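Inside the fold
Chain by chain, the residues:
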Amino acid sequence: MQRLTRQRNAVFSAFSDAGRVLTAPQILAHAREIVPEISLSTVYRQVSLLLADGEIAKVELPGEPARYEVACKPEAHGKAGHGDSHADHHHHYFHCSSCGQVYLLHSCPGPMDDLVPKGFQVQSHEVTLHGVCASCAETADKGRAGKAH
């Protein structure tokens, strides 16, 4: 485990402040609220250390930049339907096609065995829903309401 520095604390606190999955530039923006002089290279260095320590996890969506989230602790999800070990835990995401933000979904559709052909065995699954987040939907609704008058 690495020693706690102002930069590491600023990077890690970005996750709790934002409450969602973040890209490195988004982490930088949050971290600069605590350590104004922090650089993007320092953020990447701290992200790398936090990944190595298992404090955060990498979230990869096809065609998108890497994002990061706080890693789940095994005891935090033992009865959540994801299994009892950290390796069995997984998340699903909602990707807003308007603003590009990625949000954690707090449920899982469960086993996918009934979706595959007979004889196939599902070993894991990933679910990413695509659409418009509440904030973008509200902005779009206000825009449509303004044009109607």
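Here's what I pulled together on the structure shown here.

The rules behind the values
- Within every chain, residues take consecutive numbers counted from 1 along the sequence as written.
- With the structure being a predicted model, the display of local features is reserved for residues of pLDDT at least 70 and the display and counting of side-chain atom pairs for 80 or more, all residues being used for whole-chain, interface and lining totals.
- Computation of side-chain values: all heavy atoms of the structure, hydrogens and water removed.
- Comment: elements are numbered from the N terminus, with helices defined as DSSP H or I runs of at least four residues and strands as E runs of at least two.
- In what follows, residue pairs with any heavy atoms lying within 4.5 Å of each other are defined as contacts.
- What counts as a salt bridge is simple: a side-chain nitrogen of Lys or Arg found within 4 Å of a carboxyl oxygen of Asp or Glu.
- Burial classification: accessible surface area is computed with a 1.4 Å probe over protein chains only, and a residue below 20% of its type maximum counts as buried, one above 50% as exposed, and the rest as partly exposed.
- A helix is expected to reach a length of 1.5 Å times the quantity of its residues less one.
- The arc in question is formed by the directions pointing from the helix axis toward the C-beta atoms.
- DSSP-based pairing: two strands are paired if at least 2 bridges between them are found.

Notes on the environment of Leu 129
Structurally, the position occupied by Leu 129 is in strand 6 (residues 128-131). Separated by 26 residues in sequence, Leu 129 and Tyr 103 place their C-alpha atoms 9.7 Å apart. The contacts of Leu 129, once residues within four sequence positions are left out, are Tyr 93, Phe 94, His 95 and Leu 105.

Section: the pattern of salt bridges
Side chains carrying opposite charge are able to pair once their charged atoms draw close together. For the coordinates displayed, the defined rule picks out 4 salt bridges. Here Arg 6 ties to Glu 37 by a salt bridge, and the two come within 3.4 Å at their closest N and O atoms. Note that Arg 6 is positioned in helix 1 (residues 6-18) and Glu 37 in the loop between helix 2 (24-31) and helix 3 (40-52), a separation of 31 residues in sequence. Since its relative accessible area comes to 48%, Arg 6 is described here as partly exposed.

Here we look at helix 3
Relative to the 18 Å expected for 13 residues at 1.5 Å per residue, helix 3 spans 18 Å between its end C-alpha atoms, a close match to the ideal helical length. For helix 3, the full list of buried residues reads Thr 42, Val 43, Gln 46, Val 47 and Leu 50. Axial view of helix 3: buried residues confined to an arc of 135°, hence all on one face. As for helix 3, its buried residues are in contact with helix 1, helix 2, strand 2 (56-59) and strand 3 (67-70). Positive phi shows up at Gly 54, right after helix 3, with a value of about 75°.

Some words on the sheet that holds strand 1 (residues 22-23)
A sheet is described by the order of its strands in space; here 3 strands give the open sequence 1-3-2, paired in antiparallel fashion. The open sheet has two edge strands with one neighbour each: strand 1 and strand 2. Examined bridge by bridge, strand 2 and strand 3 share 4 bridges and lie antiparallel to one another. Each residue of the ladder has a partner; that of Ala 57, found in strand 3, is Glu 69.

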